[in-house]
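What follows is each chain in one-letter form.
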Amino acid sequence: MPQDTPDPETLSRLEQTPMPWEPVAQDRAGRDILPRLPEGESLSVVFPAYNDAHTIGALVDWSAKILARVASDYEIIVVNDGSLDETAAVLASRQEKYPFLRVVSHEKNGGYGTALRSGFEAASKTYLFYTDGDGQYDPTELVLLLPQMIEGVGMVNGYKLKRGDSWVRVVVGRTYHWTAKLLFGLPVRDIDCDFRLMRLSVLRSLTLTSSSGSICTELVFEVKNSKMQIVEAPVHHYPRVSGASQFFKPTKILASLGKLLALWRKLILWRFGGRVLRALGLRK
């Protein structure tokens, strides 16, 4: 069962998990000049987390360091999606340290899309940045996205310079990407890169329904249809330091493809069919 109160011995052990990107993050956070949001603009950082006790503390810590350098008004939101490890305890310890950290807790695991939608709903700032809670992305690389969020841009979508996984996962990831890209006509080179910066006003105009990883396809597709520009930025991707991906299992892969096809039926086929029926005068 998840722990609701921090256990000093457990937390000390978890703190010893090194992040492979920490030396680079340390250098970046210490630079004299970093891109900074203009006064009056603010930033929400969202992390969906499921059994990420070994990594979520470092993500919050490094995000806090970089946010203090790039914005005067910010918040960090972690969605604890029914974790069964010590994620709740790690987050409780960070809430004592960071008044701008908010934790949204799900009693049961609802899936990646459900966790993201909870984080999106909780956000309150001008812009929203999100990445995963498993630590495979360096959150301080947020500074690579900020300069590209200019007028007319609704989303800055990261793309992996090189995937920090085994070749099997690389093949599966690229297969998923090209399937989604071809089905939905997505204007990005890496739909499988969960490292995105968005305008909250654009996000609020969308109706997202996916509870699984297909929410990434739904999100990019709907932003594209909003007529706001999507630009891209290269980011690094690192090996996992703990846990295992919930995606790279045969049953999960088949289920994910099934959900992708169901989303295509809903967003493409049904919408197109509805337009045809309206053009024929058979539907109002």
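Residues numbered from 1 in each chain as written. Predicted model: local features only at pLDDT ≥ 70, side-chain atom pairs only at ≥ 80, totals over all residues. Heavy atoms only, no water.

Caption draft 1: Region of the structure containing the overall build of the chain. Along the chain, the regular secondary structure elements total ten helices and seven strands. Taken over the C-alpha trace, the chain has a radius of gyration of 19 Å; the compact-globule value for 284 residues is 19 Å, and the two agree within 12%. With respect to the three principal axes, the spread of C-alpha positions in the chain is 65 × 45 × 35 Å. Burial status across the chain gives 52% buried among its 284 residues. Across the chain, every contact between residues at least 6 apart in sequence was considered, and the portion connecting residues at least 24 apart equals 83%. Working note: accessible area of the chain is about 13,400 Å², and carbon and sulfur atoms make up 56% of it. Looking at charge distribution, the chain has the averaged site of its 35 positive side-chain charges lying 11 Å from that of its 31 negative ones. (Helix = DSSP H or I, 4+ residues; strand = E, 2+ residues; numbered from the N terminus. Rg over C-alpha atoms; globule rule 2.2 N^0.38 Å. Buried < 20%, exposed > 50% of the residue type's maximum accessible area, 1.4 Å probe, protein only. Contact = heavy atoms within 4.5 Å. Areas by Shrake-Rupley, 256 points an atom, 1.4 Å probe, with all protein chains shown as cover. Lys, Arg positive; Asp, Glu negative; His and termini not counted. Charge placed at Lys NZ, Arg CZ, Asp CG, Glu CD.)

Caption draft 2: Quick peek at the packing of helix α5 (residues 112-122) against helix α9 (residues 215-225). Interaxial distance between α5 and α9 falls to 9 Å at its minimum, and their mutual angle equals 50°. Considering their axes alone, α5 and α9 lie oblique with respect to each other. Where α5 approaches α9, its residues Tyr112, Gly113, Leu116, Arg117 and Phe120 are matched on the opposing element by Ile215, Cys216 and Leu219. Grouping the amino acids of the contact of α5 with α9 by side-chain chemistry returns six nonpolar, one polar and one charged. (Axes fitted to C-alpha atoms, helices over the stretch in contact; angles between N-to-C directions. Parallel < 35°, antiparallel > 145°, perpendicular 65-115°, else oblique. Nonpolar A, V, L, I, M, F, W, Y, C, P; charged D, E, K, R; others polar.)

Caption draft 3: A look at the packing of aromatic side chains. Scanning the entire structure with this criterion turns up six aromatic pairs. Between the aromatic rings of Phe120 and Tyr130, the centroid separation amounts to 5.8 Å while the plane-to-plane angle is 65°, which identifies the pairing as edge-to-face. In this pair, Phe120 sits in helix α5 while Tyr130 sits in strand β4 (residues 127-131), placing the two residues ten residues apart along the sequence. For the ring pair Phe129 and Phe195, a centre distance of 4.8 Å and an interplane angle of 75° mean the geometry is edge-to-face. Placement of the pair is Phe129 in strand β4 and Phe195 in strand β6 (residues 195-199), with a sequence separation of 66 residues. For the pair Phe129 and Phe195, a shared accessibility class is recorded, and that class is buried. Taken together, the ring pairs in this structure connect Tyr74, Tyr98 and Phe100 into an aromatic cluster. Cation over ring: Lys65 sits above Trp62, and NZ or CZ is 4.0 Å from the ring centre. Here the guanidinium or amino end of Arg189 rests over the ring plane of Tyr159, the centre of that ring lying 4.1 Å away. (Phe/Tyr/Trp six-rings, centres within 6.5 Å; stacked < 30°, edge-to-face > 60°. Lys NZ or Arg CZ within 6 Å of the ring centre and 35° of its normal.)

Caption draft 4: Up close: the sheet that holds strand β5 (residues 153-160). With respect to topology, seven strands assemble into an open sheet ordered β3-β2-β1-β4-β6-β5-β7, the strand pairing being mixed. Looking at strand neighbours, the two that pair on one side only are β3 (101-106) and β7 (229-235), the edges of this open sheet. For this sheet the average axis-to-axis angle between neighbouring strands, irrespective of direction, equals 20°. (Pairing = 2+ DSSP bridges.)

Caption draft 5: Representation of the packing of helix α1 (residues 8-15) against helix α4 (residues 87-97) within the structure. Contact pair α1 / α4: the axes reach a minimum separation of 10 Å and the direction vectors enclose 90°. Classed by the angle they form, the pair α1 and α4 counts as roughly perpendicular. Each of Leu11, Leu14 and Glu15 in α1 lies in contact with α4, whose residues at this interface are Ala89, Val90, Ser93 and Arg94. Taken together, the residues that form the contact of α1 with α4 break down as four nonpolar, one polar and two charged.

Caption draft 6: Looking closely at a nonpolar patch on the surface. A contiguous nonpolar patch, built from Trp167, Val168 and Val171 and spanning about 340 Å² of accessible area, is present on the exposed surface. Positionally, Trp167 belongs in helix α7 (residues 167-184). (Patch = residues over 30% accessible without salt bridge, like charges linked within 9 Å, V, L, I, M, F, W, Y side chains within 5 Å. Salt bridge = Lys/Arg side-chain N within 4 Å of Asp/Glu carboxyl O.)

Caption draft 7: Region of interest: the pattern of salt bridges. Scanning the entire structure with this criterion turns up 13 salt bridges. Here Arg28 and Glu141 are joined by a salt bridge, their closest N and O atoms 3.7 Å apart. Here the residue Arg28 occupies a position in helix α2 (residues 22-29), and Glu141 occupies one in the loop between β4 and α6 (142-145), the gap between them amounting to 113 residues. Judged by relative accessible area, Arg28 falls into the buried class, the value being 6%. On the basis of relative accessibility, which here comes to 1%, the residue Glu141 falls in the buried class. One salt bridge connects Arg163 with Asp192, and the closest N-O pair in it is separated by 2.6 Å. A residue pair is termed long-range when its members are at least 10 positions apart, and Arg163 in the loop between β5 and α7 and Asp192 in the loop between α7 and β6 qualify at 29 residues. Given the relative accessible area of 17%, Arg163 is considered buried. Here the salt bridges share partners, and the residues they tie into one network are Arg28, Asp138 and Glu141.

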